[in-house]
Every structure is written in structure tokens, then in C-alpha cells.
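Chain residues, written in single-letter form:
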Amino acid sequence: MNIALFIKDTSGALLRDFIADIVEFLGREHEIRVCQSLNEADIAPLCQWADVAWVEWLAEHAEAVCRRRRPCRVLARVHSYEAYSDHPGAINWNNLDVLVSVAEHVLILLQSRVPGLRDKVRSVVIPNGLRMERFPARAAHAPTKRLAWVGTLRHTKNFPLALQCLKAIRDRDPEWTLHVAGDYPAWSAVEAMENLVYNQHMIAEMGLAGAVTFCGNVADMPAWYADKDALLSTSIRESFGYAIAEATATGLKPVIHAFPGARNIWPRESLFTTVDECARLVLHTTHDPAALREFVRKRYGLARQLAAIDVLLRELAASRPGEPARPAPTEAAPPDMPAGGHLGAPEPVFTGVAGYWESRYASGGTSGAGSYGRLAAFKARVLNEFVAKHAIGSVLEFGCGDGNQLGLADYPAYTGLDISAQAIGLCRNRHGHNLTRRFFRYDPADFPQDSPWLRADLSLSLDVIFHIVEDHLFESYMRHLFDSAARYVIIYSSNMETDSGVAHVRHRKFTRWVRANRKDFALEAFVPNEHPFDPALPDDTSFSDFYIFKRTG
């Protein structure tokens, strides 16, 4: 794939740092050309050459690239400040194919400023990612009472609030000190001087002389974090907060001013609104460094971000008229694909989806290797975390199977549907004692859509879609799956068009169906399988990944 990357460091900050890992990743397989020019004479030939034009920051380059319809697909990524600027009003949204936001609250703000944005362009949220190995967990040490603050000393980072917080902390424990990694903005002499004069003035006024150390720009941040106890973040605006992720990953206690959107990004027990709350968090709460590091890894690990970007770019390139894209790694036909399910047992004669599964369960077969062992544990971990994070009250699963996967689930209320009456019997025998679990046979031709039992916050489809070989059943199943979801749909499946070699497995590019038929849902997240398919380990690996869709209308 040819990718043209448009980026310009207009602010004087190293804006490319936000995309360096992405460029390195894409450059391994694709050809990348970078353009800093805003001249049409430079932009036009690059767009002619490219399959996808990637515009980093929704600013000057987005305006220039989107002035006309380009022969390639065009993607723009918005961070934070652009949503507050005048740039969105100057963009021709009809010439943009996909808008990627690094945070949902940024997208919501942008939508409030651009009427009808949801109808103008497809919008996707792909959170930022942190390369965890760059920020290893630090060794345990005795408390140092050193508070870290990281960022450019500019108005948006709100350093005066950090001084107020330090004063409140030292009023209770005068041994605490504040250590600052960062410098004043080189691109704005007036803003730099304003902040410098005010900060020095307030340090003297509040009696903080000697309690604040300015370290300037620090090259080795992991080493700098090593002797700190907590990170204080005081920004009025963030799309993510890389310093928060970095410090938290190394083991510091995060203490975060509750900027707009913070509650959807960081643990709520780490947020404060007043200086008194900040002092309480610093002085009177404990934290679990290992658990917080795991929080960052699972939600903001770089691999998750890169996988979602890879899927999106390949979809874009594949949609280019007359020029199909090469299959993504997860779309390639896995060699020697196993028959699936009850491995080692003779396969029933295939007579259609319903007949196949009735015969399989009746002969002692199971839902398959994907519902057992480490694959089942992986699915349960992802789903249980999602249900807890998003306060999901009810779950409806289309294809509950033999119920083994459900045994690992932590759902407040659950309804399981399956096309096989044998499967429903197995589930009732296994889980019938639990009054929060209910099971019904799924009949695609007679589906009572209006029943309150058949609508939930979250609709699930786990390792089912590639087993639906009949087109008419696939259409009904997908429609029922999305119609029944009040908030989210999660699909765990392959997402490719390839011949499986067996009668009861048919791989489908189901995301195309979603884009074409469910404009009221958007792909919010992609979670790659921790155990991608390996023909040498067919029972412990899978070609399925998680696709998380959110209702938008």
C-alpha cells in the first residue's frame, strides 16, 4: 500500500512524536512518503501516487488536502487542540473519507462545532497507544515525597494549579516537593514570558521557594520518574495525556485534574477537581502500581492501536474503486485450517447450520476449542473488563453454544440464544440455577423483536459468524444482532473473504455489511487476538478478533 503522510510542525512543537510509532509500524510493510508542503503542486502528485492520504492533525494540511476530491482515499486524525480551533470550519468534509479521533470526548466536541458532522464523514475513535517497553516498571523504593509534573509550561497545561496543589499538600506535609520536566513554549515568546513571570511570582507569594525544581526538557524520562512518588497532571485540555500513561506505567500514582473527558480515559479514583481533593489523593490514598500498569497496557498498549489502524487502512484501500487491497494479516487464509469445534471427533454430515449443530451436540460435541482453555480465558477477560468499564446492565448473546464460555462471564443479567435446541438444553442444565441467566432457542424466521427479553445494553456474537454459511441466515442474524443492541455490539470472529475448505465454515468480511447496512453504529475499537492462529496449535489459537461497535443513532 502507498501511504502519503501530510504533517507540518506549525506550532514549533515536535508534533511528529505523536505519530512516530505509527510511521515506523506502517513502514515495515507499506511505502510511506512524508509531505510538509501546503502547496497544491506538491500535494496533488502525492495523492495521485497514494492509495491512502493520511493527514495528521485536523489543521492546515487537512484544509489543503480536502479542498478537492482526491484520487486516493483520505484519512485525517484529530487530537485535541484542532477541535477548539477554527480549522474544522474551513474543511470540505465531503472530500474526507474517514475522520479518526484519538478520544471520544474530542469527537463529541468536534461534532458540536460542526453541525451534521456525523452525516458528513465516517468517524472512528482509535485511542493513542504507548510503547510499554520504553517505560518499564521501576524498582520499589521507600517514599521520597517527590511529586512529578510533566509538560510544556503553557496555559493549557495549567501549571499555576500545580502550585496551588503543592501549597495545599505542603500545608499538611511540608516535606513534599514538586519536580518539573518541561520548558516554556519556544514558539510563543509572549506566552512563555507570561507564564514565567507569573509562576515565579506565585512561588514567592506562596512561600514555595526551594520546593519547586525546574528540570527543563528531560531526555531519559523513565530514569527521571524513578525517584518520584506521584504524577500530578493539571491540564485544562487533553485528548489522552501521554505523560500520565508513561508515569502510571512505570509505577507512579496518577493524580489527575478532571479535564473534560478524563473520566472516560483514566481511573475515576485518580481524578480531582479541587486542591483539597488533590491533597487527599496524594497524602491519604494508596495505589497498586502493577494493577495500574496493567490498566495502561490493556487499554492503551501500542499493539492495540496499531492493529486498529492497520484494519482501518486496509479497509480504506480495499474500497478504492477498481483497485482491491491486499488482504490484511488477519484476513489471510490460515494454512491447514482445522475443521473447528470438537477437534479429533468425526464431523457430522453438513445439512445446514441448524442441523449441523443439533447433530454435533447430540453426538457429544462441544462449542469448540475457542470456548475452552486460554482462548476462553482471553475472551472472558476482554468482555468482563468491557462490561465493568461501560456499566453494562444486560447482555444478549446470539449463539450461546454449550455454555462453557458463559461460566467465565461476569454479567449482571444475561440472555443466551442459540439455533440449536440441544445447546439451549445444555445451557439450562449448566446455568439454570442462576436466575440472572435465561436461554431461548433462536429462530431467525420467527424472531420476536419487540420482546423485552430480546433487547440489551450489549449484543454479543462470539465465534458464530463464520459458521453461518447460508446468505439469508447471515442477513437475518446480523439484522437481529444489531437491532437488539441498545448501546453496543461486540463481534468476535474472522473478518475476511476466503475459502475455509470445510462445509460448515464460511469466512465473511462482515464489517462491509455493517458499514453498508448499519449507519447507526460505528466501529469504536478493535482488539486483536492474544493468540493468533497457528496451525501447529489449532486448539489454542484462533483467527478471530474482537470488533466493538457503538450505537450512534
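Residues numbered from 1 in each chain as written. Predicted model: local features only at pLDDT ≥ 70, side-chain atom pairs only at ≥ 80, totals over all residues. Heavy atoms only, no water.

## Brief notes about the nonpolar core
In globular proteins that are soluble, nonpolar side chains generally tend to be buried together.
Piece 1. Core analysis: the biggest nonpolar cluster contains 53 residues, and W54, M478, F482 and F549 have the highest contact counts within it.
Piece 2. The dominant element in this core, judged by the number of residues it contributes, is helix α13 (residues 302–318), at 10 residues.
Piece 3. Once residues lying within four places of it in the same chain are set aside, the contact partners of W54 are I3, A4, L5, F6, I19, I22, L26, L75, R77, I309 and L313. (Core = buried A, V, L, I, M, F, W, Y, C linked by side-chain atoms within 4.5 Å. Buried < 20%, exposed > 50% of the residue type's maximum accessible area, 1.4 Å probe, protein only. Helix = DSSP H or I, 4+ residues; strand = E, 2+ residues; numbered from the N terminus. Contact = heavy atoms within 4.5 Å.)

## Some details on the packing of aromatic side chains
Piece 1. Taken as a whole and judged by the stated rule, the model has 28 aromatic pairs.
Piece 2. Through a chain of ring-to-ring contacts, three or more aromatic side chains come together here, namely F240, Y242, W266, F295 and Y300.
Piece 3. Between R33 and the ring centre of W49, over which it is positioned, the NZ or CZ distance is 4.0 Å.
Piece 4. One cation-aromatic arrangement involves R508 over F474; the distance from NZ or CZ to the ring centre is 4.3 Å. (Phe/Tyr/Trp six-rings, centres within 6.5 Å; stacked < 30°, edge-to-face > 60°. Lys NZ or Arg CZ within 6 Å of the ring centre and 35° of its normal.)

## Examining the pattern of salt bridges
A side chain of one charge can pair with a side chain of the opposite charge when the charged atoms of the two come close.
Piece 1. The tally for this structure, following the rule as stated, stands at 32 salt bridges.
Piece 2. Between R506 and D471 there is a salt bridge, with its nearest N and O atoms 2.7 Å apart. Residue R506 is located in the loop between β17 (485–493) and α18 (510–517), and its partner D471 is located in helix α17 (residues 471–483); the two are separated by 35 residues in the primary sequence.
Piece 3. Overall, R506 belongs to the partly exposed group, its relative accessible area being 32%.
Piece 4. On the basis of relative accessibility, which here comes to 43%, the residue D471 falls in the partly exposed class.
Piece 5. Shared partners join several salt bridges into a network, and the residues in it are D21, E24, R28, R131, E133 and R134. (Salt bridge = Lys/Arg side-chain N within 4 Å of Asp/Glu carboxyl O.)

## Some points on the sheet that holds strand β2 (residues 31–35)
Piece 1. Pairing within the open sheet is parallel, and its 6 strands lie in the order β2-β1-β3-β4-β5-β6. In the strand order of this sheet, the two ends are held by β2 and β6 (122–125), each with one partner. Geometrically, the sheet is characterised by an average inter-axis angle of 20 degrees between neighbouring strands, direction not taken into account.
Piece 2. On top of the sheet, helix α2 (residues 40–49) reaches β1 (2–6), β2 and β3 (52–56); it is set at about 150 degrees to β1, its chief contact. (Pairing = 2+ DSSP bridges. Axes fitted to C-alpha atoms, helices over the stretch in contact; angles between N-to-C directions.)

## Comments concerning the side chain of S235
Piece 1. Its place among the elements puts S235 in the loop between β10 (230–233) and α10 (242–250).
Piece 2. Classification of S235 by relative accessible area gives buried; the value is 3%.
Piece 3. There is a polar contact of 2.8 Å between the side chain of S235 and the side chain of E238.
Piece 4. Excluding residues that lie within four positions of it along the chain, S235 makes contacts with T156, K157, N158, H257 and F259. (Polar contact = N/O pair within 3.5 Å; in protein donor to acceptor, adjacent residues only side chain to side chain.)

## Things to note about a nonpolar patch on the surface
Piece 1. Residues M193, L196 and V197 make up a contiguous nonpolar surface patch of roughly 260 Å² in combined accessible area.
Piece 2. Note on placement: V197 falls in helix α8 (residues 189–205). (Patch = residues over 30% accessible without salt bridge, like charges linked within 9 Å, V, L, I, M, F, W, Y side chains within 5 Å. Areas by Shrake-Rupley, 256 points an atom, 1.4 Å probe, with all protein chains shown as cover.)

## What to know about helix α15 (residues 373–389)
Piece 1. Across its 17 residues, α15 extends 24 Å between first and last C-alpha, which sits within 8% of the 24 Å expected from 1.5 Å per residue.
Piece 2. Restricting attention to buried positions, one finds in α15 the residues L375, A376, F378, K379, A380, V382, L383, N384, F386 and V387.
Piece 3. Buried residues belonging to α15 abut β13 (395–398), β16 (456–462), β17, β18 (521–527) and β19 (545–551).
Piece 4. Once α15 finishes, A391 follows within two positions and takes phi at roughly 50 degrees, a positive value. (Expected span 1.5 Å × (residues − 1).)

## Considerations on the confidence of the model for the chain
Piece 1. The share of residues in the chain with pLDDT of 70 or more is 89%, and the mean pLDDT across the chain is 86.
Piece 2. The low-confidence segment residues 10–16, where pLDDT is below 50, has 12 contacts with residues more than four positions distant or belonging to other chains.
Piece 3. In this model residues 321–351 is a low-confidence stretch, pLDDT under 50, and it forms 68 contacts with partners more than four residues away in sequence or in other chains. (pLDDT = per-residue confidence, 0-100.)

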